[in-house]
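Examination of the molecular architecture
Residues per chain, in single letters:
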Amino acid sequence: MALSRHEREQFLAEPHIAALAVDAGDDGGRAPLTVPIWYQYAPGGDIWIMTGRESRKGQLIAKAGRFSLMVDRVEPTIRYVSVEGPVIDTVPATREQLVEISARYLPADKVDAYVDFAWKNHGDQTVIHMRPQRWVSSDLGEV
């Protein structure tokens, strides 16, 4: 059964690890790039992700101008939300954004150490904003 708009937005707002997919274009006949990624979303708003400025996914997103995310869970029911849309902004990442997204996924006592490490070692990061345009969602119930 498809989720209502409220249900799908609430589900996407939860801290799931997303599968990001982006067209690989003319990259040697390869399939779309699909990788796990942290994301940030508030119901009714835009989604943002953070990635290395020179990363393959960042370059492919810049070229394609759009990407999709899919999040799912299997407990207490099998539920998923997939969203696709255009890139609306790409900006240099700030340390505050790294703290925000890290706090979404990590235990509070691990955030500072992770942020310190990532800020020093992961290189220049970019924040890419996507406007949700197309949604696919379902709750398949219990197995």
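**Examining the overall build of the chain**
Within the chain, the regular secondary structure consists of four helices and eight strands. Written out in order from the N terminus, the α and β elements of the chain read α-β-β-β-β-α-β-β-α-α-β-β. The globule rule puts the C-alpha radius of gyration for 143 residues at 15 Å, and the 16 Å found for the chain is close to it. Expressed as lengths along the three principal axes of its C-alpha atoms, the size of the chain is roughly 45 × 45 × 25 Å. Buried positions account for 40% of the 143 residues belonging to the chain. Contacts in the chain between residues at least 24 apart in sequence constitute 71% of all its contacts with a sequence separation of at least 6. Accessible surface computed for the chain: about 8,100 Å², of which carbon and sulfur atoms make up 53%. For the chain, the distance from the average position of its 16 positive side-chain charges to the average position of its 20 negative side-chain charges is 3 Å.

**Comments concerning the side chain of R8**
On the secondary structure map, R8 appears in helix α1 (residues 5-13). In contact with R8, other than residues within four places in its own chain, are L3, V81, W135 and S137.

**Brief notes about the pairing of strand β7 (residues 125-130)**
For β7, the buried fraction is high: five of the six residues fall into the buried class. Alignment of strand β4 (residues 47-52) against β7, held across six bridges, turns out to be antiparallel. The residue of β7 that forms the bridge with I49 is I128. Here strand β6 (residues 78-92) runs beside β7; their pairing, made up of five bridges, is antiparallel. Pairing of V87 across the sheet is with M130, part of β7.

**A few points about the nonpolar core**
Ranked by size, the top nonpolar core spans 33 residues in total, and within it L12, L20, Y39, I47, I49, F67 and L69 carry the most contacts. For this core, the element with the highest residue contribution is β4, accounting for four residues.

**Re the packing of helix α3 (residues 95-105) against helix α4 (residues 108-121)**
At their nearest, the axes of α3 and α4 sit 10 Å apart, and the two run at 135° to each other. On the basis of their axis angle, the class for α3 and α4 is oblique. Between α3 and α4 lies a crossing of right-handed hand. Contact residues: α3 offers R95, L98, V99, S102 and A103, while α4 offers V111, Y114, V115, D116, A118 and W119. Here the residues of the contact of α3 with α4 are counted per class, giving eight nonpolar, one polar and two charged.

**Regarding unusual backbone geometry**
Phi is mostly negative for residues that are not glycine, and the peptide bonds are mostly trans. With an omega of -5°, the peptide bond between E75 and P76 qualifies as cis. Counting through the fold element by element, P76 comes out in the loop between β5 (66-73) and β6.

Conventions adopted
- Note that residues are indexed from 1 along each chain, following the sequence as it is written.
- Two thresholds apply to this predicted model, a pLDDT of at least 70 for residue-level local features and 80 or more for giving and counting side-chain atom pairs, whereas whole-chain, interface and lining totals are computed over all residues.
- Derived side-chain values reflect all non-hydrogen atoms in the structure, with water molecules and hydrogen atoms excluded from consideration.
- Secondary structure counts use DSSP, requiring at least four H or I residues in a row for a helix and at least two E residues in a row for a strand, with both numbered from the N terminus.
- For a compact globule the rule gives 2.2 Å times the number of residues to the power 0.38, and the radius of gyration it is set against comes from C-alpha atoms.
- The buried label goes to any residue with under 20% of its type's maximum accessible area, the exposed label to any with over 50%, and the partly exposed label to all in between, with areas taken from a 1.4 Å probe on protein chains only.
- By the convention used here, residues are in contact when the closest approach between their heavy atoms is within 4.5 Å.
- A 1.4 Å probe and the Shrake-Rupley method give the accessible areas. Residues count as covered only by the protein chains that appear here.
- Note on charges: Lys and Arg go in the positive column, Asp and Glu in the negative column, and His and the chain ends are not counted at all.
- All charge positions are set by atom: Lys at NZ, Arg at CZ, Asp at CG, Glu at CD.
- Think of it this way: DSSP has to see at least two bridges between two strands before they count as a pair.
- Here, nonpolar core refers to any group of buried Ala, Val, Leu, Ile, Met, Phe, Trp, Tyr and Cys residues whose side-chain atoms link them within 4.5 Å.
- In this analysis an axis means a line fitted to C-alpha atoms, helices contributing only their contacting stretch, and an angle means the value between N-to-C directions, from 0 to 180 degrees.
- Relative orientations are named as follows: roughly parallel for angles under 35 degrees, roughly antiparallel for angles over 145 degrees, roughly perpendicular for angles from 65 to 115 degrees, and oblique for any other angle.
- Should the near helix be turned counterclockwise from the far one by less than a right angle, the crossing is left-handed, whereas a clockwise turn marks it as right-handed.
- Three residue categories are used. Nonpolar comprises Ala, Val, Leu, Ile, Met, Phe, Trp, Tyr, Cys and Pro, charged comprises Asp, Glu, Lys and Arg, and polar comprises the others, including Gly.

Distances and angles like these do not, on their own, reveal function.
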